[in-house]
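Fold and contact review
Letter by letter, the chains look like this.
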Amino acid sequence: MKEKALLFSLLFAAFGTHGFATNRYETTSDDSKDQKEVNEKKRSRFTVGGYGEAVYSRNFYSDNYMRYLDESKVNAHSNEKHGRFDLPHVVIFLGYDFGKGWSMGSEIEFEHGGTESAIEIEEEEGGEYESEIERGGEVALEQFWIQKSFCPEFNIRLGHIIVPVGGTNMHHTPTEFFGVYRPEGENTIMPCTWHETGLSIWGQAGDWRYEAMILPGLDSDRFSRKNWIQGGAGSPYEFKIGNAVAGAFRVDNFSVKGLRLSVSGYIGNSFSNSLRGATSESNNSSSGNNRYQDVKGTVAIGAFDFAYNDHNWIVRGNFDYGHLSDAAMIFRFNSGMTSTSPSPKQAIGSDAIAAGIEAGYNIFSQFDKLHEKGHKLYIFGRYDYYDSMYKTETNIQKYEWCGRQRIAAGLNYYPMKEIVIKGEYSIGLMRSFYKNEPSISLGVAYAGLFTR
């Protein structure tokens, strides 16, 4: 089944063809003083924008956390269903052009509605003060950088930056994918959106765009079976551990009208990016030598993605493959951590895979009046295959529920290019022992820059 799913995705990717590679704050130095003055009259130096999503899902399967881990519970929860309302991402971004090639950009993201807490006096508990969490979301600084642009072909960006690996990380606004939620494969096995503090060099010459980035390595303490290396980005501490430095790159080509072809990758060690690894002696062997001294936990990811946007069609696809060295030793080390550590202490796959394809056609293009008003209605379908434990090392248990296929179909209505109303039916096709996971989802979203 793995080979068939992989072949299916590769064939679509080979024949598929999207649109525009956008980077919201990319600016370049002005050609001349006169041209600069003209440009400043035409546009404001300050840019504000954002994107946001409000969604509802009715899931016709159980959300009991034991439905995968306890085989005896699979049938016990087979007739359960549940619904969820959510604000997956609401983002505000601000940019400013200082002039002379200097600019800045920032994004603040509120995930799942943000987070709230309050202190209350509990009348039923003797008037005691009690702290309560009233909203369980997150607030994160997704981007903050300063950029110097020397020319369109060469720009330097320093600060907190989007890591340009995979299609979803570079194109993650809700108007850049058909589904109500982000593409499930990349969103499962990789950080998404992946952002780190580092240094990036990028530029565009003709039909080619490139980007190379130096960033902190991932933290192997927080790798897991379901999400592979996803948890290793960011940090549960007040700082990001930088014992290991990693590299990432991306190359985009726009030679064919309406088509973007992209390759990207990442490589870096992860095992040394641990506070406990630097100070602990509890994992030393009886001989006194550290049994982990040669463990690197190297993460290597290669990705291909494309997008075609022309002739009333939008077609997008991705293929991502990743390898983690020393996965068994990392699991052994993490298992010895205390119960209060941020590590999930789970078995980890040595290899992970994600492949997906989606295609949509604007049926309003066949109606002149609607087409002239700029209204669009895409009918679309999507296929995903992913497995966070595609391969495992010897003596590591493989969890079959970590791999699945997903099929979705639905509609996207655009009353204008910045606003979209979405509806879809999807089904997660599980391996034979587990129950399939059908769902109906509705959402409304916007994405845009607003300049004065």
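In case you missed it, the structure is sitting above this.
Remember, it's a predicted structure, so these values are computed and weren't measured experimentally.

Conventions we followed
Residues numbered from 1 in each chain as written. Predicted model: local features only at pLDDT ≥ 70, side-chain atom pairs only at ≥ 80, totals over all residues. Heavy atoms only, no water. Buried < 20%, exposed > 50% of the residue type's maximum accessible area, 1.4 Å probe, protein only. Helix = DSSP H or I, 4+ residues; strand = E, 2+ residues; numbered from the N terminus. Pairing = 2+ DSSP bridges. Salt bridge = Lys/Arg side-chain N within 4 Å of Asp/Glu carboxyl O. Contact = heavy atoms within 4.5 Å. Core = buried A, V, L, I, M, F, W, Y, C linked by side-chain atoms within 4.5 Å.

For strand 14 (residues 376-391), the tally of buried residues reaches twelve of 16 residues, placing the bulk of the element in the interior. Where strand 13 (residues 351-362) lies against strand 14, eleven bridges are found, and the strand directions are antiparallel. The partner of Asp351 across the bridge, within strand 14, is Lys391.

Scanning all chains against the criterion turns up 18 salt bridges. One salt bridge connects Asp310 with Lys257, and the closest N-O pair in it is separated by 2.9 Å. Of this pair, Asp310 sits in strand 11 (residues 298-310) while Lys257 sits in the loop between strand 9 (245-253) and strand 10 (259-269); the two residues are 53 residues apart in sequence, bridging distant segments of the chain. Given the relative accessible area of 63%, Lys257 is considered exposed.

A separate point is unusual backbone geometry. Each neighbour pair has its own omega, and for Cys192 with Thr193 the value is 5°, a cis peptide bond. Structurally, Thr193 is set in the loop between helix 4 (184-189) and strand 7 (195-205). Not every positive phi belongs to a glycine, and His112 is a case in point at roughly 55°. Mapped onto the secondary structure, His112 falls in strand 4 (residues 102-122). What makes His112 partly exposed here is its relative accessible area of 38%. For Asn312, which is not glycine, the phi dihedral falls at a positive 70°. Here Asn312 shows up in the loop between strand 11 and strand 12 (313-324). Owing to a relative accessible area of 29%, Asn312 belongs among the partly exposed residues under this scheme.

Our focus in this paragraph is the pairing of strand 12. Two faces belong to every sheet, and in a regular strand the side chains alternate between them. Within strand 12, nine of the twelve residues are buried, leaving the element largely enclosed by the surrounding structure. Here strand 11 runs beside strand 12; their pairing, made up of twelve bridges, is antiparallel. Paired with Val299 across the two strands is Leu324, which belongs to strand 12. In this antiparallel pair of consecutive strands, strand 11 and strand 12, the connection spans two residues, and His311 shows a positive phi of 55°. Judged from the eleven bridges that link them, strand 12 and strand 13 form a sheet pairing that is antiparallel.

Quick look at the environment of Ala408 now. Structurally, Ala408 is set in strand 15 (residues 403-416). Ala408 sits in the buried class, given a relative accessible area of 4%. Between the C-alpha atom of Ala408 and that of Gly179, which follows or precedes it by 229 residues, the distance is 7.9 Å. Non-local contacts of Ala408, meaning those with residues more than four positions away in its chain, are made with Phe380, Gly381, Arg382, Glu424, Tyr425 and Ser426.

On to the nonpolar core. If you look at the biggest cluster of nonpolar residues, it comprises 31 residues, and the most contacted ones within it are Trp228, Tyr266, Val299 and Ile301. Of all elements in the fold, only strand 8 (208-216), strand 9, strand 11, helix 6 (327-335) and strand 13 reach the threshold of two or more residues within this core. It is helix 6 that contributes the most residues to this core, three residues altogether. The contact partners of Tyr266, leaving out residues within four places of it in the chain, are Val165, Trp194, Leu215, Pro216, Gly217, Leu218, Ala246, Gly247, Ala248, Val299, Ala300 and Ile301.

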